[in-house]
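# Observations on the model geometry
These are the residues of each chain, in order.
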Amino acid sequence: MESAQERLLQHFREAFRESPAAAYRDWFRAEEELREKGDGDTARALADELWEALPQAPFDSAAARARFFHNAAVFFGSPGPAADLPRARACFRESLDHFAEHAGDGWRARALHNLATAITNLGATAPELEEALDLFAQALEWRTAEREIARGVTLHNLGLALRRLAELEPARAAEHLESAAAAFGEAAEIRRRHALAEGEAASRERLARTLEELARAR
């Protein structure tokens with residue numbers, strides 16, 4: 001008898017062949033439910049199904065394909081049972097190849113930000129975190145003061161990357177923590193100006209913790 005997992009995999013195998021964009025919404029919802037249930041085995045199997053479907057998945061346009069690969073990359077680059085940084089990188093490369101020629105709509109900056117965030121979440125070495133810092137810097141070239149809300153998000157995540165780098169490079173911890181504090185401080189001020197209370201509180205909480213760690217590191 002066919003198991004519930006096999007039926008689920010078969011359903012999405014067929015759905016991705018018909019309409020990847022429509023299937024992805026249900027697929028992502030299923031992944032969230034599996035994560036909440038603690039069913040990591042099925043979550044990984046379902047992620048494998050998406051990965052196998054990607055090369056042949058049909059799209060209406062190059063832009064739709066790039067956005068789909070971006071969304072898949074964000075999933076693979078997020079902590080969870082199916083997290084996979086090499087897969088995330090491959091999907092981001094696909095999306096960035098398209099967005100590099102269409103930078104004016106902000107998608108390239110979004111992809112750069114999310115790739116940097118994925119590396120911050122899943123990277124394990126100082127060179128990887130240095131790469132994330134460079135990607136955040138590239139995203140900030142677009143996310144200027146004219147796009148402050150998005151800039152605040154990138155600055156906050158930049159601070160998180162610098163904190164991780166401080167852990168990986170203890171000899172330079174004070175330097176990295178000082179830079180992280182500056183990023184969190186600017187993010188908090190942006191969020192205050194835009195009345196983003198929850199975001200401001202998150203940045204200020206990180207700023208306070210970073211300043212405490214900086215005092216100990218000096």
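That block above? That's the structure.
Okay, so let's go over this structure. Note that residues are indexed from 1 along each chain, following the sequence as it is written. Totals for whole chains, interfaces and linings use every residue, but because this is a predicted model, local features are given only for residues with pLDDT of at least 70 and side-chain atom pairs only at 80 or more, for both listing and counting. For the side-chain quantities, the full set of heavy atoms in the structure was used; hydrogens and water were omitted.

Moving on: the nonpolar core. Note on terminology: a nonpolar core comprises buried Ala, Val, Leu, Ile, Met, Phe, Trp, Tyr and Cys residues joined through side-chain atoms within 4.5 Å. The rule is simple: take the accessible area with a 1.4 Å probe, protein chains only, and divide by the maximum for that residue type; under 20% is buried, over 50% is exposed, in between is partly exposed. Grouped together as the largest cluster of nonpolar side chains are 57 residues, with contacts concentrated most on Phe16, Trp27, Leu50 and Leu158. Helix numbering and strand numbering both begin at the N terminus, where a helix is a DSSP run of H or I of at least 4 residues and a strand a DSSP run of E of at least 2. A per-element tally of this core places helix α7 (residues 126-142) first, with 8 residues. Apart from the residues lying within four places of it in its own chain, the contact partners of Leu158 are Leu133, Phe136, Leu140 and Ala183. Should any heavy atoms of two residues lie within 4.5 Å, those residues are counted as being in contact.

Pairing of aromatic side chains requires ring centres within 6.5 Å, counting the rings of Phe and Tyr and the six-membered ring of Trp. Pairs whose planes differ by under 30 degrees are stacked, by over 60 edge-to-face, and all others tilted. Tallying each qualifying case throughout the model produces 13 aromatic pairs. Both rings, one in Tyr24 and one in Phe28, keep their centres 6.1 Å apart while their planes meet at 25°; by these two values the pair is stacked. Residue Tyr24 and its partner Phe28 are both found in helix α2 (residues 20-37); the two are separated by 4 residues, about one turn of the helix. Exposure remark for Phe28: the relative accessible area of 34% places this residue in the partly exposed category. Relative to Phe75, the ring of Trp27 has its centre 4.7 Å away and its plane inclined at 70°; by these criteria the two rings are edge-to-face. Of this pair, Trp27 sits in helix α2 while Phe75 sits in helix α4 (residues 62-76), and the two are 48 residues apart along the sequence.

Turning to α2, a few remarks are in order. Here α2 contains 18 residues, and its C-alpha end-to-end distance of 25 Å stays within 8% of the 26 Å for a straight helix at 1.5 Å per residue. A positive phi of about 80° marks Gly38, the residue just after α2. An expected span of 1.5 Å times one less than the residue number is assigned to each helix.

Here we come to the environment of His70. Following the sequence through the fold, His70 ends up in helix α4. Spatially, the C-alpha atom of His70 lies 24 Å from that of Leu8, the residues being 62 residues apart in sequence. Not counting chain neighbours up to four residues away, the residues in contact with His70 comprise Phe92, Ser95, Phe99, Trp107, Arg110, Ala111 and Asn114.

Attention now goes to the pattern of salt bridges. Every case where a carboxyl oxygen of Asp or Glu lies within 4 Å of a side-chain nitrogen of Lys or Arg is listed as a salt bridge. Under the counting rule described, the total for this entry stands at 19 salt bridges. The residue Asp41 makes a salt bridge to Arg44 at a minimum N-O spacing of 2.7 Å. In this pair, Asp41 and Arg44 are both assigned in helix α3 (residues 40-53), 3 residues apart and thus about one turn of the helix distant. For Arg44, a relative accessible area of 36% gives the class partly exposed. A salt bridge links Glu130 to Arg172, with the nearest nitrogen and oxygen atoms 3.9 Å apart. Within this pair, whereas Glu130 is found in helix α7, its partner Arg172 is found in the loop between α8 (148-168) and α9 (173-193), the two being separated by 42 residues in sequence. A relative accessible area of 32% places Glu130 in the partly exposed class. The class of Arg172 is partly exposed, set by a relative accessible area of 33%.

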